[in-house]
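As a plain string of letters, each chain reads:
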Amino acid sequence: KTPAAIIGAGIGGIATAVRLACQGHAVTVFEAEASFGGKMHQLGLPGGYRFDGGPSLFTLPQLVDELFRLAGRTPTDYFRYERLDPITQYFFADGTRLTAWAEEPRFAQEVEEKLGVPAADVLSFLRQSGRAYEGTADTFLRHSLHKAGTYLRPEVLKAMAVLPQLGLLSTMHQRHAAAFPQDARLVQLFDRFATYNGSDPYQAPATLSLIPHLEHGLGAYYPEGGIYAIAASLVKLAEELGVQFRYQEPVQEILTAGGRVSGVRTSRGIYDFPLVVSNMDVVPTYRRLLPQLPAPEKTLQQPRSSSALIFYWGIGREFAELGVHNIFFSQDYRREFEAIFLEKTVADDVTVYVNITSKKTAADAPAGHENWFVMVNVPHDQGQDWPALVAHTRRAVLQRLHRALGVDVGPYIRAEQVWDPPGIARRTSSVGGALYGSSSNNMLAAFLRHPNFSRKLPGLYFCGGSVHPGGGIPLCLLSAAIVADLLSA
Ligand code: FAD
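Residues numbered from 1 in each chain as written. Predicted model: local features only at pLDDT ≥ 70, side-chain atom pairs only at ≥ 80, totals over all residues.

Let us look at the packing of helix H4 (residues 119-141) against helix H5 (residues 154-162). Direction vectors running N to C along H4 and H5 enclose 135°, while the axes themselves pass 8 Å from each other. As judged from the angle between their axes, H4 and H5 are oblique. Regarding H4 and H5, the two cross each other, and that crossing is left-handed. Between H4 and H5, the residues in contact are Arg 131, Ala 132, Gly 135, Thr 136, Asp 138, Thr 139 and Phe 140 and Glu 155, Val 156, Lys 158, Ala 159 and Val 162, respectively. Residue classes in the contact of H4 with H5 are distributed as five nonpolar, three polar and four charged. (Axes fitted to C-alpha atoms, helices over the stretch in contact; angles between N-to-C directions. Helix = DSSP H or I, 4+ residues; strand = E, 2+ residues; numbered from the N terminus. Parallel < 35°, antiparallel > 145°, perpendicular 65-115°, else oblique. Left-handed = near helix turned anticlockwise from the far one by under 90°. Contact = placed C-beta atoms within 7 Å. Nonpolar A, V, L, I, M, F, W, Y, C, P; charged D, E, K, R; others polar.)

Here you go:
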C-alpha cells in the first residue's frame, strides 16, 4: 500500500480519499479545521436552527452513489435523496412569479402562461442545452485536459462537433437573448446559470448555456438531512475503508527530495509520503506550501470567480409561498454583474437567493419557524470595506424581499450570522473567498485551469474546485475521479 496524504477535507479531498483507499492506498487526510466539509460545512444558531453553510443546490447525485458502489456498498445504506419538484420559485422585479417545475414540459407550459414565451421555444432551447451537455461532458469534465491521451479519444470529435452549435464566439447572454427575444425575464432566468460557476453571463462563453440542462434535464435533488449529509456520509465510508482524518492539523509545507514529493510538514510533525494530493486552493498550495518550487504563474493569475455574502437567518414565521430554492431577481441584471466584475462592489438593487431546508427537513427550525440561507453574489475579496458592504447589502436584501413578499422580514429575524468573502477565505483558504476557483469568463478558461497533477513535481496531485474541471459539488467529485484515474494509469 503506497501511503498517500490528502491536504484538506473538502468534498474533493473526501472523494479522493475514498477513491485512493479503494485503490489500496493507505490514506491520511490532514484538515486545518476541527471538522470536515470545507465550504460544505454546517452550522447551528441559537433557538434551534441548522444551516448548510455553503452549497445548497445538488445535481448529479449519481456521482456520490458511484463512490459507495466503488467501495462495494449499497448507496442507500449511507445516503438518500429525492428529486425536487418544484425546483425553484422565481420572483421577477415586475412582480411576476414563476415556478420551475421538475418536468421540462410542465416548466415550459408555466413559462408560456406566465411570460408568454411559446412552450415549444423553451423545450427546443432545453433540448439543445441537453444535446450540448451530452456531447461534451465526458470529454471536458471526466478526463484531464492536460494529457495528450484525452485528445485521442473518439468522443473528442463528437465534442468538437457540438460546441460550434452553441455559438463559439458569443456570450451566454447573447445566446439567451437570441433564443428568447420576446422576453427579458426568461433571458435573466437562464443567464443566472452563469453564477453556478461564479461567472458573468455578459462575458462567459455561450458554451456555458449547457448548465441549465443539469438542473432542468437531469434534475435538482435534495439529500435527506441537507447537503452536509453528502460530506458526512462519505467521511463515514472513508473511515470504514481505513482512511485516517487528522483534524486541526494544517499542512505547512510539502516536502521534496530528489526532485519529487517526499512528504508533508504539518503543525504537529513531519511525515513521509511519496504521494500527496492537495485539496487546498491551488494558489496558496504553491505560495505557502511550496515556496521553493517555480509556480505556474499564468495559471495562478487567472481571474477569480465571484464570491458570496450569506446571511443565515432564523425566521420566526413560515412563508407558504416559498419553497426550498427561491430567487428574487433585480431589475437590472447587467448592472449587478458590472458591479461585481468591473467595479468590485455590490449594486444597490441585488438578486437575492433564499434557500430554506426546513421546508424539507422539519428539524432544521423550530415548529412555525424557518431557516433562511440568504445569499447575494459579490466580488471576491480585494480589500473592500466589507463591514460597509455587508450593511449595504443587508438593507438591499430586506428591501427586495419586502417588495416581493409584501412583508418586512427584518422583525422576524430571531437569530443571525453572516459569512463574507474574507471569512470564506479564512475558513477554506480559497483566494479572496472565491467560491469556484477561477472564473469561466473567457473561452479558454477550461484549458487554463490548473491540471490535476503537477508538471514539475512527480508525486503531487490536485483535486477540488480550484483545479480542473472546476468548482461546484459535481465537478469537485469528478476531480477526484480524474486524480484516481491518473494514479492508476
Ligand atoms: P473546499 O470546500 O474548498 O475545502 C478545502 C479544505 O481544505 C477546507 O476544509 C480547508 O480547511 C482545508 N485546508 C486548506 N488549507 C489547508 C492546509 N494547509 N492544511 C490542511 N487543510 C487545509 N456548489 C454547488 O454544487 N452547488 C451550490 O449550490 C453551491 N453553492 C455554494 C455556496 C457557497 C456560499 C459556497 C461557499 C460554495 C458553493 N458551492 C456550490 C461551491 C462548492 O461548495 C465548492 O465548489 C466545493 O464545496 C469545494 O470543495 P473543495 O473540494 O474544493 O474544498
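Past the structure itself, the notes keep going.
Looking now at the sheet that holds strand S11 (residues 260-266). Read across the open sheet, the three strands follow the order S10-S11-S12; overall the sheet is antiparallel. Edge positions in the open sheet fall to strand S10 (251-257) and strand S12 (270-272), since each of these has one partner strand only. Here the average twist between neighbouring strands, direction ignored, is 30°. Pairing of S11 with S12 involves three bridges; the strand directions are antiparallel. Residue Val 264 lies in a different strand from S12, and its bridge partner there is Tyr 271. (Pairing = 2+ DSSP bridges.)

Taken together, 37 residues lie around the ligand, and Gly 8, Gly 10, Gly 12, Gly 38 and Gly 464 are the ones closest in. Of all the secondary structure elements, the ones that give two or more residues to the shell around the ligand are helix H1 (11-22), strand S14 (307-315), helix H14 (421-428) and helix H16 (473-488). In terms of residues, the shell around the ligand owes the most to one element, H1, which gives three residues. Per-class residue counts for the shell around the ligand are 19 nonpolar, 15 polar and three charged. (Near = placed C-beta within 6 Å.)

Structurally, Gly 47 can be placed in the loop between strand S3 (42-45) and strand S4 (49-52). For Gly 47, a count of 13 C-beta atoms within 10 Å gives the class partly exposed. With 38 residues separating them along the chain, Gly 47 and Asp 85 place their C-alpha atoms 29 Å apart. With sequence-adjacent residues up to four places away left out, Gly 47 is seen in contact with Gly 314, Pro 366, Arg 414 and Ala 415. (Buried ≥ 20, exposed ≤ 12 C-beta atoms within 10 Å, placed from the backbone.)

Bringing the sheet that holds strand S2 (residues 26-30) into the picture now. With parallel pairing, five strands are arranged side by side in an open sheet as S9-S2-S1-S13-S19. Strands at the two margins of the open sheet, each flanked by one partner only, are strand S9 (244-246) and strand S19 (460-462). Direction aside, neighbouring strands of the sheet carry axes that sit 20° apart on average. As judged from the five bridges shared by strand S1 (residues 3-7) and S2, these two strands associate in the parallel manner. Residue Ile 7 lies in a different strand from S2, and its bridge partner there is Phe 30. Seen against the sheet, H1 touches S1, S2 and strand S13 (275-278) and runs at an angle of roughly 165° to S2.

Turning our attention to unusual backbone geometry. With the exception of glycine, most residues fall at negative phi, and the peptide bonds are largely trans. In this chain, Asp 85 is followed by Pro 86 through a cis amide linkage whose omega measures 0°. Structurally, Pro 86 is set in the loop between strand S5 (81-83) and strand S6 (88-91). The peptide bond linking His 468 to Pro 469 adopts the cis configuration, its omega dihedral lying at 0°. Among the secondary structure elements, Pro 469 is positioned in the loop between S19 and H16. At Lys 344, a residue that is not glycine, the phi angle is positive and equals roughly 60°. Checked against the element boundaries, Lys 344 lands in the loop between helix H12 (333-342) and strand S16 (352-356).

Ranked by size, the top nonpolar core spans 136 residues in total, and within it Ile 14, Ala 17, Ile 230, Ala 231, Leu 234 and Val 276 carry the most contacts. For this core, the leading source of residues is H16, giving ten residues. Excluding residues within four positions of it along the chain, Ile 230 makes contact with Ile 11, Met 40, Val 64, Phe 79, Pro 223 and Ile 473. (Core = buried A, V, L, I, M, F, W, Y, C linked by C-beta atoms within 7 Å.)

Across the protein, the average pLDDT comes to 95, with 100% of residues at 70 or higher. Model confidence for the complex is summarised by a pTM of 0.97, with the ipTM given as 0.99. (pLDDT = per-residue confidence, 0-100.)

For helix H13 (residues 386-405), with 20 residues, the first-to-last C-alpha span of 28 Å sits near the 28 Å given by 1.5 Å per residue. Buried within H13 we find Thr 393, Val 397, Arg 400, Leu 401 and Ala 404. Down the axis of H13, the sector holding all buried residues measures 95°, keeping them to one side. Facing away from the buried side of H13 by more than 90 degrees, the exposed set consists of Pro 387, Ala 388, Ala 391 and Arg 395. Among the structural elements, S6, S14, strand S15 (325-328), S16 and strand S17 (370-378) are those in contact with the buried residues of H13. Positive backbone phi, at 70°, marks Gly 406, one or two positions downstream of H13. (Expected span 1.5 Å × (residues − 1). Arc of directions from axis to C-beta.)

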